[in-house]
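Chain residues, written in single-letter form:
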Amino acid sequence: MSNQNPGCLGSLLKLIGIEKGTTSDEHTEMKLPYAIRDDFLSPAELSFYQVLNQVVDSSGVICPKVSLGDIFFVKAKDKSKHTTYLNKINRKHIDFLICDTATMKPVVGVELDDSSHSRQDRIKRDEFVNKLFSDAGLPLVRIANKRSYTVSEIKERIYPFLQKEADTSKEFETQVNSNQDTNEPTCKKCGSSMTRRIAKSGERKGKAFYGCSNFPKCREVVAID
Ligand SMILES: [Zn+2]
């Protein structure tokens, strides 16, 4: 496209933050100051990952270094509390998160504890993370950092969690369905209000249901029959 309307282009450039004097050409010629880190996984994390990979195999997907903010959301409705709790998780990550192969739902978190975990600040952080996982209902396994691991010792710790996924979600369904008398129910999972919606697709297409107002972070639904 030829540049027939410089006035329009000028305001567009201003809009996207490119001021006169620094043209877009200069921006593309100048390389951004980034390089790929050589330590995406430390040697200890890599050696553990290789054993974990044999244990999990096709029964789950291992995601390294997942931000706690990607796994959890804050239930608090109070805005000031919301920000406080969001800040507590936003810059922390878990070493490994194992997800369900089909749904990619988080199944179990795995932390590799090295010697830094005995430092006072780390102890406080670990206590917070332990309580966060426990209160939100996601299992967390801590494994002491070693030079090498055997498949059987890791299997013993992780394997019990890999098969539990299907059972717990069914349990939830029956709990939710028993809460139908109130008009606009409160979400059983996160305590937020639920709003009436109509299913646009799927088996229940055209039928009404209550959906959590925190959607899509919370996908809790209550059927209306
Ligand atoms: Zn909810």
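Rules used throughout
- Residues numbered from 1 in each chain as written.
- Predicted model: local features only at pLDDT ≥ 70, side-chain atom pairs only at ≥ 80, totals over all residues.
- Heavy atoms only, no water.
- Donors = N, O, S within 2.8 Å, 3.2 Å for Na, K, Ca; no water.
- Helix = DSSP H or I, 4+ residues; strand = E, 2+ residues; numbered from the N terminus.
- Salt bridge = Lys/Arg side-chain N within 4 Å of Asp/Glu carboxyl O.
- Core = buried A, V, L, I, M, F, W, Y, C linked by side-chain atoms within 4.5 Å.
- Buried < 20%, exposed > 50% of the residue type's maximum accessible area, 1.4 Å probe, protein only.
- UniProt positions renumbered as here; feature names shortened; annotations may be inferred.
- Patch = residues over 30% accessible without salt bridge, like charges linked within 9 Å, V, L, I, M, F, W, Y side chains within 5 Å.
- Areas by Shrake-Rupley, 256 points an atom, 1.4 Å probe, with all protein chains shown as cover.
- Pairing = 2+ DSSP bridges.
- Axes fitted to C-alpha atoms, helices over the stretch in contact; angles between N-to-C directions.
- Contact = heavy atoms within 4.5 Å.

The name that an unreviewed UniProt entry assigns to the protein chain is Topoisomerase, with the source organism given as Pontibacillus marinus BH030004 = DSM 16465.

With distances of 2.3 to 2.4 Å, the protein atoms coordinating the zinc ion are C187 (SG), C190 (SG), C212 (SG) and C218 (SG). Positions of the donor residues of the zinc ion, expressed as sequence spacing, correspond to C-x2-C-x21-C-x5-C. Here C187 is found in the loop between α8 (165-177) and β5 (194-198), whereas its partner C218 is found in the loop between β6 (208-212) and β7 (221-223), with 31 residues between them in sequence.

Per the stated rule, a full pass over the model turns up ten salt bridges. Of the charged contacts in the structure, one is a salt bridge between E45 and K65, with a shortest N-O distance of 3.8 Å. Placement of the pair is E45 in helix α3 (residues 43-56) and K65 in strand β1 (residues 61-67), with a sequence separation of 20 residues. A single network of salt bridges, built from pairs that share partners, joins E111, D113, R125, D126 and R142.

A word on the nonpolar core. Grouped together as the largest cluster of nonpolar side chains are 18 residues, with contacts concentrated most on F48, L52, I98, I143, I154 and I158. Elements that contribute at least two residues to this core include exactly α3, β2 (93-99), β3 (106-113), β4 (140-144) and α7 (151-162). Ranked by the residues each element gives to this core, the list is headed by α3, at five residues. Residues F72, L97, C99 and V129 belong to the second largest nonpolar core, which totals 13 residues.

Per the UniProt annotation, the sites labelled "domain: DNA topoisomerase type IA zn finger" (unreviewed entry) are residues 186-223. Helix makes up 0% of residues 186-223 and strand makes up 34%, while its end C-alpha atoms are separated by 13 Å.

There is a patch of nonpolar side chains on the surface, built from M30, L32 and Y34 and spanning about 430 Å² of accessible area. Mapped onto the fold, L32 is located in the loop between α2 (24-29) and α3. Residue class for L32 comes out exposed when judged on its relative accessible area of 62%.

Let us look at the sheet that holds β2. Across the sheet, four strands lie side by side as β1-β2-β3-β4; this open sheet has mixed pairing. Unpaired on one side and paired on the other, β1 and β4 mark the two borders of the sheet. Going across the sheet, the axis of each strand differs from the next one's by a mean of 30°, ignoring polarity. Relative to β4, β3 runs parallel, the two sharing five bridges. The partner of E111 across the bridge, within β4, is R142. Its contacts with the sheet place helix α6 (residues 120-136) against β2, β3 and β4, and it is angled at close to 145° to β4. Sitting on the sheet, α7 touches β2, β3 and β4, and the angle it makes with β4 is about 170°.

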